[in-house]
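An overview of the molecular structure
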Amino acid sequence: MSESGQTTYLFLSGAEMEPLAVRAAHPGARFVARARVAADGATVAPAFAAQIGDEVWGILVGVPNAAFASAPREAVTDDGRTFAAALAGETLVGGDPDEALAAARYWELPPAYVSRLKAALAATDEDPS
């Protein structure tokens, strides 16, 4: 992270966590930890809202010299640290549901959370195959 500037913490969830998407959108970002924020029904993507529960898991990255429009939320890392973090987008667990599940698996988010994402994906899948 930059010695000369401030670091802003950003919480990414859903398809926003896809590694190439993170690099493209935030080239200077550095992974901090897996983290969770409180789920707010108004901000969780409809495809996942019924299955998510009380918290949304994702990743926390530090972005040097960045400013984000969203009000910071409390993000708690998997090792118990707390950060004030902006949300990357307007919707938690947004993007393509298959990509959201793949990203959750890539970052090795908690198995119970990944199972809830998988159940939500199955519930929205219209193809019985």
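For the structure itself, consult the block above.
Residues numbered from 1 in each chain as written. Predicted model: local features only at pLDDT ≥ 70, side-chain atom pairs only at ≥ 80, totals over all residues. Heavy atoms only, no water.

Once that is clear, we can look at helix α4 (residues 111-124). Structural remark: α-helix, 3.6 residues per turn; residues separated by three or four positions point the same way. A rise of 1.5 Å per residue sets the reference length of α4, with its 14 residues, at 20 Å; its end C-alpha atoms lie 20 Å apart and thus fit the reference within 8%. The inward-facing, buried residues of α4 contact α2 (46-52), β3 (55-64) and α3 (97-106). (Helix = DSSP H or I, 4+ residues; strand = E, 2+ residues; numbered from the N terminus. Expected span 1.5 Å × (residues − 1). Contact = heavy atoms within 4.5 Å.)

In this structure, glycine 89 sits in the loop between β5 (82-87) and α3. Taking the C-alpha atoms as reference points, glycine 89 and phenylalanine 31, 58 residues apart in sequence, are found 17 Å from one another.

Attention shifts here to the pairing of strand β2 (residues 30-38). In this sheet, β3 lies alongside β2 in antiparallel orientation, the contact comprising 8 bridges. Directly across from arginine 36, in β3, lies its bridge partner tryptophan 57. (Pairing = 2+ DSSP bridges.)

Moving on to the packing of aromatic side chains. Taken as a whole, this structure holds 3 aromatic pairs when the rule is applied. Their ring planes at 55° and their centres at 4.7 Å tell us that tyrosine 9 and phenylalanine 83 sit as a pair that is tilted. Taken together, the residues span a long stretch of sequence, with tyrosine 9 in strand β1 (residues 7-12) and phenylalanine 83 in strand β5 at a distance of 74 residues. Of the residues examined, phenylalanine 83 reaches a relative accessible area of 15% and is grouped as buried. For the pair tyrosine 106 and tryptophan 107, a centre-to-centre distance of 5.1 Å together with 85° between the ring planes defines the contact as edge-to-face. (Phe/Tyr/Trp six-rings, centres within 6.5 Å; stacked < 30°, edge-to-face > 60°. Buried < 20%, exposed > 50% of the residue type's maximum accessible area, 1.4 Å probe, protein only.)

Here the focus is α3. Among the residues of α3, those classed as buried are Ala100, Leu101, Ala103 and Ala104. For α3, the angular spread of buried residues about the axis comes to 160°, placing them on one side. Buried positions along α3 lie against α2 and α4. The distance from a side-chain oxygen at the start of α3 to the backbone nitrogen of aspartate 98 is 3.0 Å, and the residue carrying that oxygen is aspartate 96. Two residues or fewer after α3 comes glutamate 108, characterised by a positive phi angle close to 55°. (Arc of directions from axis to C-beta. Polar contact = N/O pair within 3.5 Å; in protein donor to acceptor, adjacent residues only side chain to side chain.)

Moving on: the side chain of threonine 77. With respect to the helices and strands, the residue threonine 77 is situated in strand β4 (residues 73-77). Threonine 77 gets classed as buried once you look at its relative accessible area, which sits at 0%. Polar side-chain contacts of threonine 77 include one of 2.3 Å to the side chain of aspartate 79.

Phe48 and Val56 are the most contacted members of the largest nonpolar core, which totals 38 residues. Elements represented by at least two residues in this core include exactly β1, β2, α2, β3, β5, α3 and α4. Among the elements that line this core, the one with the most residues is β3, at 6 residues. Contact partners of phenylalanine 48, with chain neighbours within four places excluded, come to Val93, Pro97, Ala100, Leu117 and Ala120. (Core = buried A, V, L, I, M, F, W, Y, C linked by side-chain atoms within 4.5 Å.)

Relative to the elements of secondary structure, histidine 26 occurs in the loop between α1 (19-25) and β2. By relative accessible area, which is 14% here, histidine 26 ends up buried. Residue contacts for histidine 26: discarding those within four places in its chain leaves Leu10, Leu12, Val63 and Phe68.

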